[in-house]
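A look at the structure
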Amino acid sequence: MAKVVKALEQFTSVSAEFKTLWQQRYEVKGIENHLKDFIHPQIGTVQMQQANWFSTPRDGARLLVYLPVDDAGERALAGLSEY
């Protein structure tokens with residue numbers, strides 16, 4: 001945890017933009033499965049379910065997949081091919 005705090009102090013000291021964004025959206029979570037909102041400039045907000053698959057117990061490779069949680073999200077993502 002100390003490494004994370006030190007890195008954040010460094011980032012916020014050298015970038016005013018990072019500091020502003022960090023203060024506005026402090027949403028750091030663990031790597032467990034969560035619902036996340038993605039904001040896309042053409043299709044708007046799409047809520048996705050985060051799913052993790054670990055090849056070995058937590059210290060190996062991880063596959064991270066996001067899946068839409070509803071039909072509206074599926075349609076919105078399918079529409080991305082039009083852009």
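Everything here concerns the structure above.
An account of the accompanying structure is given in this report. This structure is a prediction, so every number in the text was calculated from the model and none was measured. (Residues numbered from 1 in each chain as written. Predicted model: local features only at pLDDT ≥ 70, side-chain atom pairs only at ≥ 80, totals over all residues. Heavy atoms only, no water.)

1. Re a nonpolar patch on the surface
This is how it is decided: Nonpolar side chains (Val, Leu, Ile, Met, Phe, Trp, Tyr) within 5 Å and like charges within 9 Å form the patches, drawn only from residues with over 30% relative accessible area and no salt bridge. All accessibility values rest on the Shrake-Rupley procedure with a 1.4 Å probe; residue burial counts only the protein chains present in the view. Any carboxyl oxygen of Asp or Glu within 4 Å of a side-chain nitrogen of Lys or Arg constitutes a salt bridge here. A run of H or I in DSSP counts as a helix once it spans at least four residues, and a run of E counts as a strand once it spans at least two, with each numbered from the N terminus. Throughout this description, buried means an accessible area under 20% of the type-specific maximum (1.4 Å probe, protein chains only), exposed means over 50%, and partly exposed covers the range between.
A cluster of nonpolar side chains, Trp53, Leu63, Val65 and Leu67, forms an exposed patch at the surface whose accessible area comes to about 400 Å². With three residues, strand E3 (residues 62-68) is the largest single contributor of residues to the nonpolar patch. Summarising the element assignment, Trp53 is placed in strand E2 (residues 44-54). Of the residues examined, Trp53 reaches a relative accessible area of 55% and is grouped as exposed.

2. Describing the sheet that holds E3
Spelled out, the test is: A pair of strands counts as paired when DSSP detects no fewer than two bridges linking them. Fitted lines through C-alpha atoms serve as axes, helices being fitted only where they are in contact, and the angles separating the N-to-C directions of these axes extend from 0 to 180 degrees. Contacts are residue-level and defined by heavy atoms, with any inter-residue pair within 4.5 Å sufficient.
Judged by pairing direction, the sheet is antiparallel, and its three strands sit side by side in the order E1-E2-E3 without closing on themselves. Two strands in the sheet have a free side with no partner beyond their single neighbour: strand E1 (35-40) and E3. Sheet twist, expressed as the mean angle between neighbouring strand axes with direction ignored, is 40°. Of the strand pairs in this sheet, E2 and E3 are connected by seven bridges, and their pairing is antiparallel. Its bridge partner being in E3, Met48 is matched across the sheet by Pro68. Strands in contact with helix H3 (residues 71-78) are E2 and E3; relative to E2, the strand with the most contacts, it is inclined by about 95°.

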